[in-house]
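A look at the structure
Here is how the chains run, residue by residue.
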Amino acid sequence: MMAIIQEDNFNCRHAEKENFLKLIKNKFVVALDFDGVITSPGELKKIYINELGYRLQIDEVERDICLSKGVPLEDYKKGAYRAYTEKPSLLPLEKDFKEVFYKIRNFEDVSVFIVSSRYDYMIPHLEEYLKFHKIKVDGIIATSEKNKIEGLKKINAHVFFDDSISKLKDILHHDPEFYRKCSLVLFRNNQNVNRVQDSSKIGEVAGWKELENFFEKIKSGNNHNNI
């Protein structure tokens, strides 16, 4: 698991546990997935996977759906990797991201972290993307496709937004009561808009505008379990 701190000039450096403890002390910690929550890679995934000989729709490019449609894992990875690591100027942000993100950033008692399942070799692109768009976060945890629960525990996250139902359920599989410590929230986007989410332990937001409302509700109650 890679732990990174982003400095004021948007450059990044590896961080020790002590650095994170300073950043989260007495703070409300918001954790965000990167691909599909901050970035919006769905349309590019559709284009790049279809270039390999398929006719997928935008709501069919999530990994498990894509594979169920007969796309080999190798082709899925090739198209998805190309989309996820596209030039920052070509890979769009999720709608309303900057407007809402900066509102959250302006809270003095809030720390914002990215908790991504990206592999280590994909982190330079993430750093480049944040620098290109001038997005300042307190830290980044990269889990290399492993369960995100240890990363969330490392930063004592109060709420976590992810667009992957399976990864949120993996957290609950590891610890069925973890949602009581950290609200787990499915971020709806153009890829997962038609996916069924049937867990009462997982909340939902339909984009950044709803994320803002969800966040305000948690903050106003001063208790992330009172959702």
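Residue numbering note: each chain is counted from 1, following its sequence as written. Residues qualify for local features only when their pLDDT is at least 70, as the model is predicted, and side-chain atom pairs are given and counted only at 80 or more; totals for whole chains, interfaces and linings, by contrast, use all residues. Calculation of side-chain values draws on the structure's entire complement of heavy atoms; hydrogens and water are dropped beforehand.

Considering the overall build of the protein
Under the convention used in this document: Put simply, DSSP marks the helices as runs of H or I at least four residues long and the strands as runs of E at least two long, and each gets a number from the N terminus on. C-alpha atoms define the radius of gyration, and 2.2 Å times the number of residues to the power 0.38 defines the globule rule. Any residue under 20% of the maximum accessible area for its type is buried, any over 50% is exposed, and the rest in between are partly exposed; the area is computed with a 1.4 Å probe on protein chains only. The contact criterion used throughout is that any non-hydrogen atoms of two residues lie within 4.5 Å.
A tally of regular secondary structure across the protein gives nine helices and eight strands. Taken over C-alpha atoms, the radius of gyration comes to 17 Å for the protein, in line with the 17 Å a tight globule of 227 residues would show. Across its three principal directions, the C-alpha atoms of the protein cover 50 × 40 × 30 Å. Buried residues in the protein amount to 51% of all 227 residues. Pairs at least 24 apart in sequence give 70% of the contacts found in the protein among residues at least 6 apart.

Observations regarding the nonpolar core
As a reminder, the rule being used: Side-chain atoms within 4.5 Å are what join buried Ala, Val, Leu, Ile, Met, Phe, Trp, Tyr and Cys residues into a set we call a nonpolar core.
Ranked by size, the top nonpolar core spans 37 residues in total, and within it Val30, Leu32, Phe161 and Trp208 carry the most contacts. Sort the elements by how many residues they give to this core and helix α9 (residues 208–221) lands first, with five residues. In this structure phenylalanine 161 touches Val30, Ala31, Leu32, Asp33, Val37, Val185, Val205, Leu211 and Phe214, once residues within four positions along its chain are discounted. Counting 25 residues, the second-largest nonpolar core is a separate cluster that includes Ala3, Ile5, Ala157 and Ile202.

Re the packing of aromatic side chains
Put simply, the rule reads: Between 30 and 60 degrees the pair is tilted, below 30 it is stacked and above 60 it is edge-to-face, where a pair is any two Phe, Tyr or Trp rings, Trp via its six-membered ring, whose centres lie within 6.5 Å.
All told, the structure shown has ten aromatic pairs when counted by the stated rule. Feature note: the residues Phe97, Phe101, Tyr102, Phe187 and Trp208 constitute an aromatic cluster, connected by ring pairs.

Details of the confidence of the model for the protein
Going by this rule: The predictor rates its confidence in each residue with pLDDT, a number between 0 and 100.
Within the protein, residue pLDDT values average 92, and 96% of them lie at 70 or more. Model confidence for the protein, summarised as mean pLDDT per element, is weakest for helix α1 (residues 17–24) at 77 and strongest for helix α2 (residues 42–50) at 98.

Details of the pairing of strand β7 (residues 183–187)
Basically, it comes down to this: Only when DSSP finds a minimum of two bridges between them are two strands counted as paired. Seen with its strands pointing away from the viewer, a crossover is right-handed when the path leading from the first strand over the helix to the second is clockwise.
Within β7, five of the five residues are buried, which leaves the element mostly enclosed by the surrounding structure. Side chains Ser183, Val185 and Phe187 of β7 all project onto a buried face; the interleaved residues Leu184 and Leu186 project onto the opposite face, where all are buried too. Examined bridge by bridge, strand β6 (residues 159–162) and β7 share four bridges and lie parallel to one another. When the sheet's bridge partners are listed, phenylalanine 160 is paired in β7 with leucine 184. Viewed along the sheet, the connection from β6 through helix α8 (residues 165–174) into β7 turns out right-handed. Two strands pair when backbone bridges link them, and β7 and strand β8 (residues 202–205) are joined in this way by four bridges, in the parallel orientation. Its bridge partner being in β8, leucine 186 is matched across the sheet by glutamate 204.

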